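# Structural features, examined
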Amino acid sequence: LHADETGWRVRGKNWWLWVFGTLDSAYFTIDKSRGSAVVRRVLGEIFFGVLVVDGWGAYLSLICEQQSCMAHVLRKIRKFRESFPQLKAISQFYLKFRRILRDGEKLQSQRKELGKSIFKRRLKRLHDRLNKLLEWQDPDDILKEIIKKVKRQQPRILTFVEHPGVPCHNNYGEYLIRIGVLKRKVSGGSVSSKGAESYAVLLSIFVTCKLRGIGFPMYLKTSLQHYIKTGKPMLLKEY
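So, here's what we can say about the structure. Treat the numbers as computed from the prediction; the structure is a model and nothing was measured. (Residues numbered from 1 in each chain as written. Predicted model: local features only at pLDDT ≥ 70, side-chain atom pairs only at ≥ 80, totals over all residues. Heavy atoms only, no water.)

## Details of the nonpolar core
Among soluble globular proteins, nonpolar side chains are generally buried collectively. The biggest cluster of nonpolar side chains holds 32 residues, and the ones touching the most others in it are I77, F93, F97, V150, I157, L158 and V161. Of all the elements in the fold, those that place two or more residues in this core are β4 (46–53), α2 (70–83), α3 (88–109), α5 (116–133) and α6 (141–153). Among the elements that line this core, the one with the most residues is α3, at 8 residues. Dropping the residues within four chain positions of it, V161 is found in contact with G104, L107, Q108, F119, L123 and L126. Grouped together as the second largest cluster of nonpolar side chains are 17 residues, A26, I30, I177 and A200 included. (Core = buried A, V, L, I, M, F, W, Y, C linked by side-chain atoms within 4.5 Å. Buried < 20%, exposed > 50% of the residue type's maximum accessible area, 1.4 Å probe, protein only. Helix = DSSP H or I, 4+ residues; strand = E, 2+ residues; numbered from the N terminus. Contact = heavy atoms within 4.5 Å.)

So this is what it looks like as structure tokens:
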């Protein structure tokens, strides 16, 4: 399950648009808060799956396995590298860290052919390499800051290796929420909390239809016709 959040405006005030999505479904909600209460309201206290996120602290309140977006972490390190090209240690750290992630992706793809014991042994080596990297000897102040940022995510850096199909980035979550970002640029947000709630519902249905290859206008028409006849809308699983 991928999750992401972005700023939203309701009557000119700062709210947040959230998305929780799988390969065939997306759920959007708009809330005043960017805190853990929203995560628990949507997913409960425990989630029996892998949650892929950008590393925002609100998700840590959920009991589940998590994978932080390593694309975000790598981008931050590259910015430091571009700002301080004279500090060669940053480039060295970046290349070693990226190699660990790439080796993790390779190990993930080889899990079946390697067998359980060899896979576990190689995964341990990856964790050992990561631990050693974060124990960098005599880092300068800039590299100290980078290491601190990576250490915050350390329990959620190599989770993906143990789960086939789970990526080490949250590009899919960003893809899902992009349509909301585009609307915000055009309209500036919502003029009321009721309008924001309605938009989140429609956006959930629209994106889920898109992911499942269902025509949104046709589904909406059929669902409303069903509502006129029965008093209940036709659910997507019934379409």
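## Side note on the side chain of S204
Along the polypeptide, S204 turns up in helix α8 (residues 193–212). Using a relative accessible area of 10% as the deciding quantity, one classes S204 as buried. In terms of polar contacts, S204 uses its side chain to reach the backbone amide nitrogen of F28, at 2.8 Å. What S204 contacts, discounting residues up to four positions off in sequence, is A26, Y27 and F28. (Polar contact = N/O pair within 3.5 Å; in protein donor to acceptor, adjacent residues only side chain to side chain.)

## Re the pattern of salt bridges
This model, assessed by the stated rule, comprises 9 salt bridges. A salt bridge links E162 to K120, with the nearest nitrogen and oxygen atoms 3.3 Å apart. Here K120 lies in helix α5 and E162 lies in the loop between α6 and α7 (171–187), a separation of 42 residues in the sequence. The class of E162 is partly exposed, set by a relative accessible area of 27%. Since its relative accessible area comes to 38%, K120 is described here as partly exposed. Put simply, K148 and E145 hold a salt bridge, and the shortest N to O gap is 3.7 Å. Here the residue K148 and the residue E145 both occupy positions in helix α6, the gap between them amounting to 3 residues, near one helical turn. Classification of E145 as partly exposed rests on a relative accessible area of 29%. Bridged by salt links that share partners, the residues R99, D103 and R129 form one connected network. (Salt bridge = Lys/Arg side-chain N within 4 Å of Asp/Glu carboxyl O.)

## Focus on the packing of aromatic side chains
Two numbers describe a pair of aromatic rings. These are the distance of the centres and the angle of the planes. Counting across every chain of the model gives 8 aromatic pairs. Centroid distance F93 to F97: 6.2 Å. Interplanar angle 20°. Geometry classified as stacked. Placement of both F93 and F97 in helix α3 is noted, with a separation of 4 residues, approximately one turn of the helix. An identical accessibility class is assigned to F93 and F97; each is buried. Through a chain of ring-to-ring contacts, the aromatic side chains of W18, F20 and Y59 assemble into a single cluster. Sitting over the ring of W56, R34 keeps its end group 3.8 Å from the ring centre. Positioned over the ring face of Y94 is R81, at 4.5 Å from the centre of the ring. (Phe/Tyr/Trp six-rings, centres within 6.5 Å; stacked < 30°, edge-to-face > 60°. Lys NZ or Arg CZ within 6 Å of the ring centre and 35° of its normal.)

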